[in-house]
Protein chains: 2
Amino acid sequence: MAAIYERVALIGLGLIASSMSHAMRAKGLAAEITGHARSAETRRIAAEIGLCDRVYETAAEAVQGADLVVLCVPVGAMGEVAAEIAPHLRPGATLTDVGSVKQAVIEAVGPHVPEGVHFIPGHPLAGTEHSGPRSGFATLFENRWCLLVPVEGTAPEAVARLRRLWEEMGSNVEEMDAAHHDLVLAVTSHTPHLIAYTMVGVADDLRRVTDSEVIKYSAAGFRDFTRIAASDPTMWRDVFLTNKEATLEILGRFTEELFALQRAIRTGDGAHLHEYFTRTRAIRRGIIEAGQDTAAPDFGRIKVGS
Amino acid sequence: MAAIYERVALIGLGLIASSMSHAMRAKGLAAEITGHARSAETRRIAAEIGLCDRVYETAAEAVQGADLVVLCVPVGAMGEVAAEIAPHLRPGATLTDVGSVKQAVIEAVGPHVPEGVHFIPGHPLAGTEHSGPRSGFATLFENRWCLLVPVEGTAPEAVARLRRLWEEMGSNVEEMDAAHHDLVLAVTSHTPHLIAYTMVGVADDLRRVTDSEVIKYSAAGFRDFTRIAASDPTMWRDVFLTNKEATLEILGRFTEELFALQRAIRTGDGAHLHEYFTRTRAIRRGIIEAGQDTAAPDFGRIKVGS
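Residues numbered from 1 in each chain as written. Chains lettered and ligands numbered in written order. Predicted model: local features only at pLDDT ≥ 70, side-chain atom pairs only at ≥ 80, totals over all residues. Heavy atoms only, no water.

Enquirer: Explain the overall build of chain A here, please?
Expert: Check the secondary structure of chain A and you find 12 helices and nine strands. For 306 residues, the compact-globule estimate of 2.2 N^0.38 gives 19 Å, and chain A sits close to it at 21 Å. Each principal axis of the C-alpha distribution contributes one length, and for chain A these read about 65 × 45 × 35 Å. The contacts in chain A between residues at least 6 apart in sequence include a share of 73% that link residues at least 24 apart. When the accessible surface of chain A is summed, it comes to about 11100 Å², and 51% of that surface belongs to carbon and sulfur atoms. (Helix = DSSP H or I, 4+ residues; strand = E, 2+ residues; numbered from the N terminus. Rg over C-alpha atoms; globule rule 2.2 N^0.38 Å. Contact = heavy atoms within 4.5 Å. Areas by Shrake-Rupley, 256 points an atom, 1.4 Å probe, with all protein chains shown as cover.)

Enquirer: What's the story with the packing of aromatic side chains in this structure? I'm lost.
Expert: To describe a pair of aromatic rings, you give the distance between the ring centres and the angle between the ring planes. Under the criterion given, the structure shown has 11 aromatic pairs over all chains. Centre to centre, the rings of Tyr197 of chain A and Phe277 of chain B are 3.8 Å apart; their planes meet at 20°, and the pair counts as stacked. Of the two residues, Tyr197 of chain A sits in helix α7 (residues 178-205) while Phe277 of chain B sits in helix α12 (residues 270-289), which places them in two different chains. A residue is classified by how much of its surface remains accessible, and Tyr197 of chain A, at 0% relative accessible area, is buried. Phe277 of chain B gets classed as buried once you look at its relative accessible area, which sits at 0%. (Phe/Tyr/Trp six-rings, centres within 6.5 Å; stacked < 30°, edge-to-face > 60°. Buried < 20%, exposed > 50% of the residue type's maximum accessible area, 1.4 Å probe, protein only.)

Enquirer: Can you help me understand the domain arrangement of chain A in this one?
Expert: In many analyses, interface size is given as the accessible surface area lost on bringing the parts together. All names here are of chain A. By domain assignment, chain A separates into domain 1 (5-176) and domain 2 (180-268). For domain 1 and domain 2, the distance between their C-alpha centroids amounts to 29 Å. At the junction of the two partners, domain 1 supplies 16 residues and domain 2 supplies 15 residues. Buried area between domain 1 and domain 2, both sides added, is near 1300 Å², and the carbon and sulfur share of it is 64%. (Domains from an automatic or database assignment. Buried area = accessible area lost by both parts, 1.4 Å probe.)

Enquirer: Could you clarify how one ought to interpret the pairing of strand β4 (residues 68-71) of chain A in this entry?
Expert: The two faces of the sheet receive side chains in turn, since in a regular strand these alternate between them. Residue and element names in this part refer to chain A. Because side chains alternate across β4, one face comprises the buried residues Leu68 and Val70, and the other comprises Val69 and Leu71, equally buried. In the sheet, strand β1 (residues 5-11) pairs with β4 via four bridges, with the strands oriented parallel. Considered in β4, the bridge of Ile11 is made with Leu71. Running through helix α4 (residues 78-85), the crossover from β4 to the neighbouring parallel element strand β5 (residues 94-97) is right-handed. (Pairing = 2+ DSSP bridges. Right-handed = clockwise from strand over helix to strand, strands pointing away.)

Enquirer: Before we go on, may I ask you to explain the relation of the copies chain B and chain A in this structure?
Expert: Look at the two chain copies: a rotation about an axis and a shift along it is all it takes to match them. It takes a turn of 180° to lay chain B on chain A, together with a shift of 0.0 Å along the axis; the resulting RMSD is 0.0 Å. Here the symmetry operator amounts to a two-fold rotation axis. In this assembly the copies share their binding face: 100% of the residues contributing to the interface of chain B also contribute to that of chain A. (Least-squares fit on C-alpha atoms with pLDDT ≥ 70 in both.)

Enquirer: What should I look at first to understand the side chain of Thr191 of chain B in this one?
Expert: Along the polypeptide, Thr191 of chain B turns up in helix α7 (residues 178-205). By relative accessible area, which is 0% here, Thr191 of chain B ends up buried. A distance of 2.9 Å separates a polar atom in the side chain of Thr191 of chain B from the backbone oxygen of Ala186 of chain B. When residues no more than four places from it in sequence are discounted, the contact partners of Thr191 of chain B are Met199 of chain A together with Ala186, Thr247, Ile250 and Leu251 of chain B. (Polar contact = N/O pair within 3.5 Å; in protein donor to acceptor, adjacent residues only side chain to side chain.)

Enquirer: Would you mind showing me how to read the environment of Ala126 of chain B here?
Expert: Residues and elements named next belong to chain B. Relative to the elements of secondary structure, Ala126 occurs in the loop between β7 (122-124) and β8 (145-148). When its relative accessible area of 16% is taken as the criterion, Ala126 is described as buried. Ala126 sits 90 residues away from Lys216 along the chain, and the two C-alpha atoms are 29 Å apart. Ala126 has contacts with Ile16, Leu140, Phe141 and Arg144, leaving out every residue within four places of it along the chain.

Enquirer: Honestly, helix α12 (residues 270-289) of chain A in this entry has me stumped. Any pointers?
Expert: For the α-helix, the turn length of 3.6 residues means that residues three or four positions removed from each other point alike. An ideal rise of 1.5 Å per residue puts 28 Å on 20 residues; α12 of chain A measures up with 30 Å between its terminal C-alpha atoms. If you check which residues of α12 of chain A are buried, you get Gly270, Leu273, Tyr276, Phe277, Thr280, Arg281, Ile283, Arg284, Gly286 and Ile287 of chain A. (Expected span 1.5 Å × (residues − 1).)

Enquirer: Looking at this structure, how should I read the confidence of the model for chain A?
Expert: Here chain A shows a mean pLDDT of 90. Residues at 70 or above account for 92%. Confidence metrics for the complex model read pTM 0.80 and ipTM 0.83. (pLDDT = per-residue confidence, 0-100.)

Enquirer: Would you mind going over the sheet that holds strand β3 (residues 54-56) of chain A with me for this structure?
Expert: In a beta sheet, neighbouring strands are held together by backbone hydrogen bonds and run either parallel or antiparallel to one another. Residues and elements named next belong to chain A. Pairing within the open sheet is parallel, and its six strands lie in the order β3-β2-β1-β4-β5-β6. Unpaired on one side and paired on the other, β3 and β6 (118-119) mark the two borders of the sheet. Where β4 meets β5, four bridges bridge the pair, whose relative direction is parallel. The residue of β5 that forms the bridge with Val69 is Leu95. Its contacts with the sheet put α4 on β1, β4 and β5, and the angle it makes with β4 is roughly 155°. On the sheet, helix α6 (residues 156-168) packs against β1, β4, β5 and β6 and is oriented at approximately 75° with respect to β1. (Axes fitted to C-alpha atoms, helices over the stretch in contact; angles between N-to-C directions.)

Listed below in structure tokens is the structure:
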């Protein structure tokens, strides 16, 4: 497979960047990979495990001569990084990102993008609850969606090239408008994460139910929440701060629904509850049929031995 | 292995009953298994797949001569079943259940239990999102907790015998007071289920985000909720109606926390969010260390091929 890009610069070297490195290497999609992370320890590990051909102490050095630059830092840091690298971007290079919100990234990064550089914000809908340079793996993006949000006027060939990279890493690519992206993700990701964080926080907080009981009896349903509530705190802080409107809107709908169910419980309205729960069962079926989760019971979860 | 019980009567033949049948058969824990389900179709399937040596059209017939009777019907139906079978229970038999709430079961069933029958309410903390006689399997209870809530004055030998059955099916057994059980389960199971149902219901309800987008992009976090929101609507309706006080209490704490996080988002209080999310990450670690979930990323979820 001929490389799609000559030199890919990964700025930030966590789960997504390290997975991109593994995937690109596995399929020969990049002739060279350079990288930068803010922490010396991360840079050291990245070099040790061979995520990049060269790791740099600054982002500015890392992007020199790159025809693709991928911002893999928390969304709150992207503006600062964009300001630093802008003068060093090669004409004709593509600048993209993997952040979970898009309007805020466009607002923070867009003003710094020089003439002649293709700015194509992106968002791979893939991840695990782990973090850091050792957490990545080549198959993370397989059969996942990657959303591209090209700004108006972007050269179609540049978009097609970036699309091809994600497709070769195994993803299905869809283009979308930034505002719509942020709303869809508020529903399918951001608010669910906030809800999970809250449920776990409440359990953690209760005095009359001991920590050990909460943990011991977590297989009763609670533990499914704990996985996404173990997600990276920095990344998620930035997601909520930068996708504020859409998150608050979905949260508002959520609390309306929750109070309606609460009232049904208080008043003993079994019919309302039964109808509601029957409706939600169908969504699960739809997800499995769309190939977005396994039909194996309990997620095909690996059973932990006694 | 010598059988622990001579004749086990399973009343209700869904996921739990069918799994108990498979587990007992695999280890020779019951010399005979009889069964009853309300629906003729369920009785037919149970006979077809050999869940019981004999399947009866009435619960009263099924419990004749049984030394262990297990109520595996929805909690809301237990009182009626108890009234029907009470005159037919063999002296010295043990009557137990597998319901997800305990105070309501004791209130509904207790008054019907004849002198000389050991009433030992129980609750195996195990399950999948599937239902019905075909959904069970022998290893469901392995390394899971089973909570026993013996009423005061119950003969210790009867409790020890039931404990041994659950231990042979692979569970860790713990005895607990009924009110405490209902509170602990409100935290670790009931409220999380309600939250999951609500999140999925909200997503289902949104007009500006299409169903197909919610489904397509569900791997972004949402899909973890959909599994438990696919749980049996009848069972869960009864759980909420019968564990009302504890559920409403935990729900109240949940909404307090949620509004605090909502305010932090609205006011841009990143420090509050970061601190909160850091705390919840530790709970996940505790669950894995307690052997209650796999450390494999993404639950070691089976990847669905493209």
